[in-house]
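So the chains spell out like this:
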Amino acid sequence: MTATESRPQTRAADAPPPARQPRVLSFSHRLSRWDLKVSPYLYISPFFIMFAIVGLFPIAYTAVISFMDWDLVRNSGEFVGFDQYVWILTQPHFWTALRNTFSIFVLSSVPQLLLAIFIASVLDRNIRAKTFWRMSVLVPYVVAPVAVGLIFNAMFADKSGLINSWLQLIGISAIPWHVEPFWSHVAIATMVNYRWVGYNTLILLAAMQAVNRDFYEAATVDGAGPIRQFFSITMPSLKPTLIFVIITSTIGGLQIFDEPRVFDQFGRGGSAQQWLTITLYLYDIGWGQWNFGRAAAMAWILFIIILGIGLINLLITRTLVRDEGLRSELSKRQQKQVVRAAKKQVKESQR
């Protein structure tokens, strides 16, 4: 009886490969893939849902109301086209409010940004009690706007104010803060700067802290002083943050309401509209005259103005603060220094 030895059958070279069986995924694998693809969108969806409800819907609804003569009691309106916009643009109070808004915006935003950059650069250095000073600059931001208005209203009082008392001590006549438009704008801008300089300072300080310190060390080795380092390293590194700060300051400056509202006891923008702003005028039309169609039209006019000014600020910031500069040169020089040091160590070890 002979035993036959079984040999594995070999496939011919020209024979086609065996058909691969389709891979069947289990339910757990499918669920895992679905989780990886869909879960990130589910995590961020609450924000976008809330933004659509409390942000996009009111904007769209305001646009619809702006083309109507809206009756709040009946919750209905008659379509009037662009009549509400024409009425707003033909009102002298609107142009007065627009002039006052831009005046206060310039007097507050420009010094606010310059002070924030200066204070942030000081706090970025190695000083004593850094944490204390960094926390102190944020204290005015948490003070209630009404409290700030009451304090500064007493300081800038025309007859018994603290500021006029100091001016009279040095021989300067009292300034009519609540009478002259320019000086009322200065007083309101001071209130705005007091509240928001610290907030912008911390944002800029966080951006300065993220700058690679090797750039400063390389610049110091190359002989660059603190001023040259600030304009060649710090400012180019702050470009994205500066764009954010400028745009948010523009939006807040053109929508200013709290400070001029509490600058006097009436909150109507002054007896001769010396500090009447667009938002104050909008509030008066909507809740004073109960004409929500015109108020909605003014809100959209303000939105278009803010959008235009924001785009202009974006273009100016991109032009003045460029990405290129000494940072790229410093990085190349730093790499060369590292290579030279490595070669020097190799030579020393070979000796």
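Up top is the structure.
Conventions adopted
- Residues numbered from 1 in each chain as written.
- Predicted model: local features only at pLDDT ≥ 70, side-chain atom pairs only at ≥ 80, totals over all residues.
- Heavy atoms only, no water.
- Helix = DSSP H or I, 4+ residues; strand = E, 2+ residues; numbered from the N terminus.
- Contact = heavy atoms within 4.5 Å.
- Buried < 20%, exposed > 50% of the residue type's maximum accessible area, 1.4 Å probe, protein only.
- Pairing = 2+ DSSP bridges.
- Phe/Tyr/Trp six-rings, centres within 6.5 Å; stacked < 30°, edge-to-face > 60°.
- Lys NZ or Arg CZ within 6 Å of the ring centre and 35° of its normal.
- Patch = residues over 30% accessible without salt bridge, like charges linked within 9 Å, V, L, I, M, F, W, Y side chains within 5 Å.
- Areas by Shrake-Rupley, 256 points an atom, 1.4 Å probe, with all protein chains shown as cover.
- Salt bridge = Lys/Arg side-chain N within 4 Å of Asp/Glu carboxyl O.

Student: How would you explain the side chain of T241 if you had to name every residue and give the values?
Tutor: Mapped onto the fold, T241 is located in helix α11 (residues 239–254). Setting aside residues no more than four positions away along its own chain, T241 makes contact with I203, L204 and A207.

Student: If you had to explain the pairing of strand β1 (residues 68–71) to someone new, which residues and values would you point to?
Tutor: Side chains of β1 alternate between two faces, with M68 and W70 buried and D69 and D71 left unburied. The pairing of β1 with strand β2 (residues 76–79) spans four bridges and is antiparallel. Residue pairing across strands places D71 opposite S76, the latter belonging to β2.

Student: Account for the packing of aromatic side chains, with residues named and values stated.
Tutor: Counted according to the given criterion, the structure contains 24 aromatic pairs. Their ring planes at 15° and their centres at 6.1 Å tell us that F152 and F156 sit as a pair that is stacked. Each member of the aromatic cluster is reached from another via a ring pair, and the members are F152, F156, W177, F182, W183 and Y194. The ring of W87 has R294 lying over it, and the distance from NZ or CZ to the ring centre is 3.9 Å.

Student: Give me the lowdown on a nonpolar patch on the surface, citing residues and values where you can.
Tutor: The grouping of W34, Y41, L42, Y43, I44, F47, F48, F51, L56 and I59 at the surface amounts to a nonpolar patch, some 1200 Å² of accessible area in total. Here Y41 is to be found in helix α1 (residues 27–65). Given a relative accessible area of 59%, Y41 falls into the exposed group.

Student: Could you give an account of the pattern of salt bridges, with specific residues and numbers?
Tutor: One side chain can pair with another of opposite charge once the charged atoms of both are near each other. Enumeration according to the criterion identifies three salt bridges in this entry. Ionic pairing is found between E259 and R195, a salt bridge with its closest N-O pair at 3.1 Å. Of this pair, E259 sits in helix α12 (residues 258–261) while R195 sits in helix α8 (residues 181–209), placing them 64 residues apart in sequence. Given a relative accessible area of 6%, E259 falls into the buried group.

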